[in-house]
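# Notes for the structure review
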Amino acid sequence: MVEIKNISLSYKSDEIVLNGISLRVEKGECILFAGRSGSGKSSIINSINGLAARCDGAIIDGDIKIAGNDIKNLELYEISMLVSSVFQNPKTHFFNVNTTLELLSYLENIGLSREEMDKRLSDMLEVFPIKHLLNRDIFMLSGGEKQILSIAASYISGTNIVVLDEPSSNLDGENIQIVSEMLAKLKNKGLTILVCEHRIFYLMDIVDRVFLIQDGKIINKYEREDFLNLSPKKLNDLNLRDNSKTKLTVPEISNEGNLKIRSLEFKFDTTNTGLSIKNLTLETGKIYGIIGANGVGKSTFIRCLIGVERKSKDEIFLDRKKLSKKDRLKMSSLVMQDVNHQLFTDSVVNEVSLGIKGVQQNKVEELLDNLELYDFKDRHPMSLSGGQKQRVAIASVVCKDSKLMFFDEPTSGMDYKNMIRISGLVKGCKSNDRIIFIVSHDIEFLNATADYVVDIKKFKKRV
Amino acid sequence: MLDYEENPYNPNPVTKLFTTFLFGLTAFHQINILFEWGAVLLLSFIFYKNGFIRDAIKNITSFGLLCLLPNLTVIQSAHFILKMFLMLLLMYRIFYFPVTSGKLLVKTSDVGSVISSMDKLKLPRAVSIPVAVMFRFFPSFREERRNIKLAMKIRGIDFKNPLAYIEHVTVPLLIMSSNISDDISKAAETRCIANPIKKTRYIPLKVKFIDFLYTVLVLAILVGGLLW
């Protein structure tokens, strides 16, 4: 079905991302590519769906054959008629704004008749009961719903091969379970599935073979049984996450401390639901994990706490002193999930000290040194790698020395070692007069980092 | 099969494109104020019937405010900073109708119908695909801009120093814009948008009564406003 012969891939002439990859995947197989961030997993996926060479400017040597066709001779739309793709971030996946039109647009573009489209839609609804997602505005869907729609879209397209690039990165446990069931159905229908992932536990029921990728090479191949027998320690040594579902071991919030949310009320725009919190108490010097399903209101909760949600009605006290929204905004700092939103200046050193009065130069330099950023201090933040950018954002937050520190999904799509590193960085920010909040779905990360968890589901109310 | 229904008050993109072009003529020759109000109310009606109630109200209030602008001779005698500011508003007043009609086009048309409209007009793919990507760009852009604004608020970047503000807002906005357009292009390509065969439409592009009515009303307003 898919045959790769000795391919090498580079984005610039001097940087080799894939080196001598050869593999053969049979019809109906499910293959997992695992390995650390930057090992080249995604590049294998993107060379199969044609995006690497045709959109990202990669230079590829060697042969890739799909269903007997050499993809060098195919246009991108011809490859897309053989292989459908699911991307890491579902928000980048869609071309239409209406969900139904999105499902149909591929079928319209390959020129199917209306009857044939109806047939495919009803067939899809039989396999995946997602009628509630039809005819909605894609921007109003939660991350989980978007990813479910992406997988449904790849089924309706009728291709025999589906490639997925870290599809669980932004999903909560419940949605990961749904995605896992959807993929099992695709496999039962005889589709060939190629997926690269960090969180691998949810794939263990369907995977046939695992390829371990390192520095652009396949360093090991495992049959399903052999891979399942690897111990958690061995997996972590290989820089992989656990292959069974991790249980959350962090205790629920103890409701003691000096930051008191006497009340917090917020109504969502689009539904008749909202957040309603009464008498929640948090303690300085602790790290709180904010958990709950995609779309439950975790980000809204932290925006209300920071004081940027005008519509939130709240009474919040620190050491018995009432904090206005403005007070909270002054004492808060946030590392966003996509750090590209929060890098504003032309050099790392300026970025770290932006908006902070009377900052000492030597303190900034020491901080940069601690975060292994000193050598890049005069570089433009946007010219750095993803991990480095995230560390710059963390540095700027640490430099502001805020009493309330927020991290939004800091480890999404991260391998084991980088996750442990971020955990260390967050714990390093802990201090007696500070409360740290982490919004995360990453159970392993929360177990390693948080003191307590706050489940937002408990505060969601109908209004 | 589908509960997707077309709104009978939503003209098709060809009509909206054509009327935007017609409204463009008001930038060269102002029409009578009463007819201008007729156009404002017509645009607000279409916004309203397509579920954009806030835009419908905004349209009426902002045009009302623009009508309060003093005339050129008064502006010329004003202080130079005020003059600059008023001139900018006056420019906006001149281009008000094509801009608002363009906004209506972008907000009420889905990407698929825009592509098939352009196919009907026999525009080459090299034109229609970038235009379609552009259409899809705005809703994504709005979402990203909200995040950037949040980050700026928390970092304490405000408008007190306008030059620094503009510099700080530009960097992430440019990077995000280029990322968005990359992502949309990839989504479009993997949806076989470049497939050269004749495409089908689940909901075919129809000429409805509203297309006829809307075009006639716009023409009547423009011609009436010129001759009055």
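Residues numbered from 1 in each chain as written. Chains lettered and ligands numbered in written order. Predicted model: local features only at pLDDT ≥ 70, side-chain atom pairs only at ≥ 80, totals over all residues. Heavy atoms only, no water.

### Remarks on unusual backbone geometry
Residue and element names in this part refer to chain A. Positive phi, normally seen in glycine, also occurs at Arg320, with a value near 65 degrees. Relative to the assigned elements, Arg320 resides in the loop between β14 (313–318) and β15 (321–323). Assessed through its relative accessible area of 82%, Arg320 is described here as exposed. Located in the positive-phi region is Glu409, a residue other than glycine, with phi close to 45 degrees. As for its placement among the helices and strands, Glu409 is situated in the loop between β17 (404–408) and α15 (416–428). (Helix = DSSP H or I, 4+ residues; strand = E, 2+ residues; numbered from the N terminus. Buried < 20%, exposed > 50% of the residue type's maximum accessible area, 1.4 Å probe, protein only.)

### Re the sheet that holds β15(A)
Residues and elements named next belong to chain A. Taken together, the five strands give an open sheet; going across it, the order is β15-β14-β11-β12-β20, and neighbouring strands pair in antiparallel fashion. Two strands bound the open sheet, and with one partner strand each, they are β15 and β20 (460–462). Each strand of the sheet is rotated relative to its neighbour by a mean of 25 degrees, with strand direction disregarded. Alignment of strand β12 (residues 273–282) against β20, held across three bridges, turns out to be antiparallel. Directly across from Gly274, in β20, lies its bridge partner Lys461. Seen against the sheet, helix α10 (residues 298–306) touches β11 (259–267), β12 and β14 and runs at an angle of roughly 120 degrees to β11. (Pairing = 2+ DSSP bridges. Axes fitted to C-alpha atoms, helices over the stretch in contact; angles between N-to-C directions. Contact = heavy atoms within 4.5 Å.)

### Examining the packing of helix α5 (residues 114–127) of chain A against helix α6 (residues 143–156) of chain A
For any two helices packed against each other, the geometry comes down to the angle between their axes and how far apart the axes lie. Residue and element names in this part refer to chain A. One way to put it is that α5 packs onto α6 with a least axis distance of 10 Å and a crossing angle of 130 degrees. Compared by their axis directions, α5 and α6 come out oblique. The way α5 lies across α6 gives a crossing that is right-handed. Every residue of α6 that contacts α5 at Arg120, Leu121, Asp123, Met124 and Val127 is listed here: Ala152, Tyr155 and Ile156. Considering only residue class, the contact of α5 with α6 consists of six nonpolar, no polar and two charged. (Parallel < 35°, antiparallel > 145°, perpendicular 65-115°, else oblique. Left-handed = near helix turned anticlockwise from the far one by under 90°. Nonpolar A, V, L, I, M, F, W, Y, C, P; charged D, E, K, R; others polar.)

### With respect to the side chain of Thr190(B)
For Thr190(B), the location among the structural elements is in helix α9 (residues 162–190). Here the side chain of Thr190(B) touches Ala187(B) through a polar contact of 3.1 Å, landing on its backbone oxygen. For Thr190(B), the contacting residues outside a window of four places in its chain are Leu51(A), Ser80(A), Ser85(A), Phe87(A) and Tyr106(A). (Polar contact = N/O pair within 3.5 Å; in protein donor to acceptor, adjacent residues only side chain to side chain.)

### As for the environment of Tyr202(B)
When you line up the elements, Tyr202(B) lands in the loop between α9 and α10 (209–227). For Tyr202(B) and Gly112(B), which are 90 residues apart along the polypeptide, the C-alpha to C-alpha distance reads 9.9 Å.

### Brief notes about the sheet that holds strand β13 (residues 287–291) of chain A
Residue and element names in this part refer to chain A. Here five strands make up an open sheet; going across it, the order is β16-β17-β18-β13-β19 and the pairing parallel. Two strands close off the open sheet at either side, each with one partner strand: β16 (332–335) and β19 (452–455). Looking at each pair of strands side by side, their axes are set apart by 20 degrees on average, direction ignored. Sheet analysis places β13 next to strand β18 (residues 435–439), joined by four bridges and oriented parallel. By the bridge assignment for β18, Tyr288 is matched with Phe437. In the packing of α10 onto the sheet, contacts are made with β13, β16, β17 and β18, and the angle to β17 comes to roughly 160 degrees.

### Things to note about the domain arrangement of chain B
How large an interface is tends to be reported as the accessible area lost when its parts come together. All names here are of chain B. Assigned domains within chain B: domain 1 (9–109 + 200–228) and domain 2 (110–197). For domain 1 and domain 2, the distance between their C-alpha centroids amounts to 24 Å. Contacts between domain 1 and domain 2 engage ten residues on the former and twelve residues on the latter. If you sort the residues of domain 1 by the area they bury against domain 2, Ser109, Arg201 and Leu205 come out on top, with a joint share of 50%. Linking domain 1 with domain 2 are zero salt bridges, by the criterion used here. Remark: the boundary between domain 1 and domain 2 carries zero residue pairs in polar contact (both at pLDDT 80 or more). Among the secondary structure elements, those contributing two or more residues to the side of domain 1 that touches domain 2 are α1 (13–24) and α6 (96–108). Here the element with the most residues in the side of domain 1 that touches domain 2 is α6; it accounts for four residues. For the side of domain 1 that touches domain 2, a count of residues per class yields six nonpolar, two polar and two charged. (Domains from an automatic or database assignment. Buried area = accessible area lost by both parts, 1.4 Å probe. Salt bridge = Lys/Arg side-chain N within 4 Å of Asp/Glu carboxyl O.)

### Things to note about helix α4 (residues 99–109) of chain A
With respect to burial, α4(A) is a largely interior element, eleven of its eleven residues being buried. Along α4(A), the residues that are buried comprise Thr99(A), Thr100(A), Leu101(A), Glu102(A), Leu103(A), Leu104(A), Ser105(A), Tyr106(A), Leu107(A), Glu108(A) and Asn109(A). The inward-facing, buried residues of α4(A) abut α3 (76–80), α5 and α6 of chain A together with α9 of chain B. N-cap assignment for α4(A): the residue whose side-chain oxygen lies 2.9 Å from the backbone N of Thr100(A) is Asn98(A). Remark: Gly111(A) follows α4(A) within two positions and exhibits a positive phi of approximately 80 degrees.

### Considerations on the side chain of Lys146(A)
Structurally, Lys146(A) is set in helix α6. Buried and unpaired, Lys146(A) has no salt bridge, with Glu143(B) as the nearest side chain of opposite charge at 4.7 Å. The residues contacting Lys146(A), other than those within four sequence positions of it, are Pro90(A), Lys91(A), Phe94(A), Ile138(A) and Leu141(A). (Lys, Arg positive; Asp, Glu negative; His and termini not counted.)

### A short note on a nonpolar patch on the surface
All names here are of chain B. Where nonpolar side chains cluster on the molecular surface, the patch consists of Met91, Tyr92, Ile94, Phe95 and Val99 and spans about 450 Å² of accessible area. If you tally residues by element for the nonpolar patch, the top one is helix α5 (residues 80–94), at three residues. In this structure, Ile94 sits in helix α5. (Patch = residues over 30% accessible without salt bridge, like charges linked within 9 Å, V, L, I, M, F, W, Y side chains within 5 Å. Areas by Shrake-Rupley, 256 points an atom, 1.4 Å probe, with all protein chains shown as cover.)

### Quick notes on the domain arrangement of chain A
Residue and element names in this part refer to chain A. The assigned domain composition of chain A is domain 1 (2–237) and domain 2 (259–462). Computed from C-alpha coordinates alone, the two centres of domain 1 and domain 2 are separated by 32 Å. Domain 1 puts 17 residues into the contact, and the matching count from domain 2 is 15 residues. A combined buried area of about 1200 Å² lies between domain 1 and domain 2, and 46% of that area is made up of carbon and sulfur atoms. For the domain 1 face of the interface with domain 2, the top three residues by lost area are Asn170, Asp172 and Asn236, together amounting to 36%.

### A look at the interface of chain A and chain B
Residue-level contacts link 60 residues of chain A with 52 residues of chain B. Around 5100 Å² of area is buried between chain A and chain B when both sides are counted, 64% of it from carbon and sulfur atoms. For the chain A face of the interface with chain B, the top three residues by lost area are Phe95(A), Asn109(A) and Phe344(A), together amounting to 17%. Where chain A meets chain B, there are four salt bridges. Put simply, Arg155(B) and Glu351(A) hold a salt bridge, and the shortest N to O gap is 3.2 Å. Between the two partners, chain A and chain B, sit 17 residue pairs in polar contact (both at pLDDT 80 or more). Those elements giving two or more residues to the side of chain A that touches chain B turn out to be α3, α4, α5, α10, β16 and α14 (386–400) of chain A. Per-element accounting of the side of chain A that touches chain B gives the leading share, nine residues, to α4(A).

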